[in-house]
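What the coordinates show
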Amino acid sequence: MAKILAIRFSALGDVAMAVPVFYSFAKAYPQHQLVVLSRSAMAPLFAYAPSNLLFKGVDLKKDHKGLKGILRLYSELRKEKFDAVADLHDVLRSKVLRLCFCADGVRVRHINKGRRAKYRLVSGKFKTPLKSSFCRYLETFEHLGYPFTLRFSSIFEFAPAPELLEDWIGEKGEDKWIGIAPFAAHKGKIYPLSLHREVVGRLSAIGGMRMFLFGGGDEEKKVLDAWEKEFPHVTSVVGRLRMQEELALMSKLDVMLAMDSGNMHLASLVGVPVVSVWGATHPYAGFMGWNQAEENVVQLDLPCRPCSIYGNKPCRWGDYRCLTGIRPEVIVGRIRVLTE
């Protein structure tokens, strides 16, 4: 039996995109053990994984902060005697770890992020689809000597989702359940809240639909709590569920409306169709949700798009026309197609 370490710290969406690859590896190589090293907050993504897929959480702000912390982490990992290491992050922290493993004679490979191709994409020189992150993760394992095919349906394929016991959720019945996650990490990826509110209002007026609002943090909670009070059949889950419970609720949805965000990827991990709204970023960069259909992408074809890989650059025009130009009825129409 071989023991392989996979390193992927980073944000929720990036780690979530690695989950289908990790599951696929575990199914293709049941005789091997795969240990995923990531931030402790990502543990719920692996709570229902196959038995040969393990999770190891780290605290990069305390116990493993800075160079001393990373070296301390390596001394802990070294004791587990890994046969190979897949660095799926390729940043300073993971580079230090893999150099230490290399010095110990452990076989190591790291991801090719395609930085040059992504630069050409946002420069407007070549507007063609790039490799997805799923493919880049897969290639890293192949270069390590472990080829396999991506086969993944849901994080709950090995164990059922936990029961949702909260009275305020209730039974689904015949209503269509719609998840709505209006926020993202950067302004260039957020559909204007005034327009998003109109989407919620239009859906609320249709009947036969119930909406669950997803987000996090005090400011997002204020917005979503206000929408809950304003519109019927709308429930905010912010601060009321843990991540595992949110995933269980998502698995019962008929469709999720999300930005290019972590929630888009979480819904994808439980096999739910996602209507995703894109502004400064673009699916061509390779960050679409797992197994999501192109026809469910809502975006405008503008010569200035994409202007950013991560959505963190200010709009050159100052008005984020890539987002403000999307009409609410277009989004509502796409959701209705998926719920009829």
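Going by the structure above, here's the rest.
I will try to describe carefully the structure that is included in this document. (Residues numbered from 1 in each chain as written. Predicted model: local features only at pLDDT ≥ 70, side-chain atom pairs only at ≥ 80, totals over all residues. Heavy atoms only, no water.)

1. Overview of the overall build of the chain
What counts, and what does not: Helix and strand definitions follow DSSP, with helices as H or I runs of at least four residues and strands as E runs of at least two, each counted in order from the N terminus. Think of it in three bands: residues with accessible area under 20% of the maximum for their type are buried, residues over 50% are exposed, and the middle band is partly exposed, with areas taken using a 1.4 Å probe on protein chains only. Pairs of residues are marked as contacts when any of their non-hydrogen atoms sit within 4.5 Å.
On a plain count of helices and strands, the chain comes out with 11 helices and 11 strands. Expressed along its principal axes, the backbone C-alpha trace of the chain runs to roughly 65 × 50 × 35 Å. Looking at the chain residue by residue over its 340 residues, the buried ones come to 54%. Sequence separation of 24 or more characterises 67% of the internal contacts of the chain that already satisfy a separation of 6 or more.

2. A word on the environment of valine 297
Relative to the helices and strands, valine 297 resides in strand E11 (residues 297-298). Given a relative accessible area of 15%, valine 297 falls into the buried group. Taking the C-alpha atoms as reference points, valine 297 and histidine 282, 15 residues apart in sequence, are found 9.8 Å from one another. Those residues in contact with valine 297, other than ones at most four positions away along the chain, are Ser276, Trp278, Pro283 and Met288.

3. Considering helix H3 (residues 92-103)
The cut-off we apply is this: Multiplying one less than the number of residues by 1.5 Å gives the expected span of a helix.
Here H3 is 12 residues long and its end C-alpha atoms lie 16 Å apart, about the 16 Å a rise of 1.5 Å per residue gives. In this structure, the buried side of H3 is in contact with strand E1 (3-7), strand E2 (33-39), helix H2 (66-78), strand E4 (84-87) and strand E5 (107-110). Phi for glycine 105, located one or two positions after H3, is positive at around 85 degrees.

4. Looking at the sheet that holds strand E7 (residues 209-213)
Using the following cut-off: Strand pairing is assigned whenever DSSP identifies at least 2 bridges connecting the two strands. Only the stretch in contact is used when fitting a helix axis, every axis being a line fitted to C-alpha atoms; angles between N-to-C directions are given from 0 to 180 degrees.
The parallel open sheet is built from 6 strands, whose spatial order is E8-E7-E6-E9-E10-E11. Two strands in the sheet have a free side with no partner beyond their single neighbour: strand E8 (234-236) and E11. Relative to strand E10 (residues 274-277), strand E9 (residues 255-259) runs parallel, the two sharing 4 bridges. If you follow methionine 259 over to E10, its bridge partner there is valine 277. In this fold helix H6 (residues 193-206) packs onto strand E6 (176-181), E7, E8 and E9, with an angle of close to 150 degrees to the strand it touches most, E7.

5. Things to note about the packing of helix H1 (residues 12-28) against helix H5 (residues 133-144)
For clarity, the threshold we go by: Angular relationships are summarised with four words: roughly parallel below 35 degrees, roughly antiparallel beyond 145, roughly perpendicular across 65 to 115, and oblique for the angles in between. Crossing handedness: left-handed means the near helix sits turned counterclockwise from the far one by under a right angle, and right-handed means the same turn made clockwise. Note on residue classes: Ala, Val, Leu, Ile, Met, Phe, Trp, Tyr, Cys and Pro are nonpolar, Asp, Glu, Lys and Arg are charged, and everything else, Gly too, is polar.
Where H1 meets H5, the axes come as close as 9 Å, and the angle between the chain directions of the two elements is 45 degrees. Considered as vectors, H1 and H5 are oriented oblique to each other. Two packed elements cross with a definite hand, and for H1 against H5 that hand is right-handed. Contact residues: Asp14, Met17, Ala18, Pro20, Val21, Phe22 and Phe25 in H1; Ser133, Phe134, Tyr137, Leu138 and Phe141 in H5. For the contact of H1 with H5, the per-class residue count stands at 10 nonpolar, 1 polar and 1 charged.

6. Quick notes on the sheet that holds E5
Pairing is parallel across the open sheet formed by 5 strands, whose spatial order is E3-E2-E1-E4-E5. The outermost strands of the open sheet, each flanked by one partner alone, are strand E3 (53-58) and E5. Averaged over all pairs of adjacent strands, the angle between strand axes in this sheet comes to 20 degrees, irrespective of strand direction. When E2 meets E3, the two strands line up parallel, connected through 6 bridges. Residue pairing across strands places valine 35 opposite leucine 54, the latter belonging to E3. Contacts between H2 and the sheet are confined to E1, E2 and E3, with E3 contributing the most and set at about 150 degrees to the helix.

7. A look at the side chain of lysine 189
Stated precisely, the cut-off is as follows: Within this scheme the basic residues Lys and Arg register as positive and the acidic residues Asp and Glu register as negative, but His and the chain ends are omitted. By convention in these notes, a salt bridge is any Lys or Arg side-chain nitrogen within 4 Å of a carboxyl oxygen on Asp or Glu. The term polar contact refers here to a pair of N or O atoms within 3.5 Å; inside protein, the definition further demands a hydrogen-donor-capable atom paired with an acceptor-capable atom, and it admits residues adjacent in sequence only when both atoms are side-chain atoms.
Looking at where lysine 189 falls in the secondary structure, it is placed in the loop between E6 and H6. No salt bridge is formed by the buried lysine 189; the nearest opposite charge belongs to aspartate 260, separated by 4.0 Å. There is a polar contact of 3.0 Å between the side chain of lysine 189 and the backbone oxygen of aspartate 260. Those residues in contact with lysine 189 that sit more than four places away from it in its chain are Ala184, Met259, Asp260, Thr281, Tyr310, Gly311 and Leu323.

8. Focus: unusual backbone geometry
Residue proline 306 is bonded to the preceding arginine 305 through a cis peptide linkage, with omega at -10 degrees. At lysine 81, a residue that is not glycine, the phi angle is positive and equals roughly 55 degrees. One non-glycine residue, aspartate 90, adopts positive backbone phi at about 60 degrees. Inspection of the secondary structure puts aspartate 90 in the loop between E4 and H3. Judged by its relative accessible area of 7%, aspartate 90 falls in the buried class.

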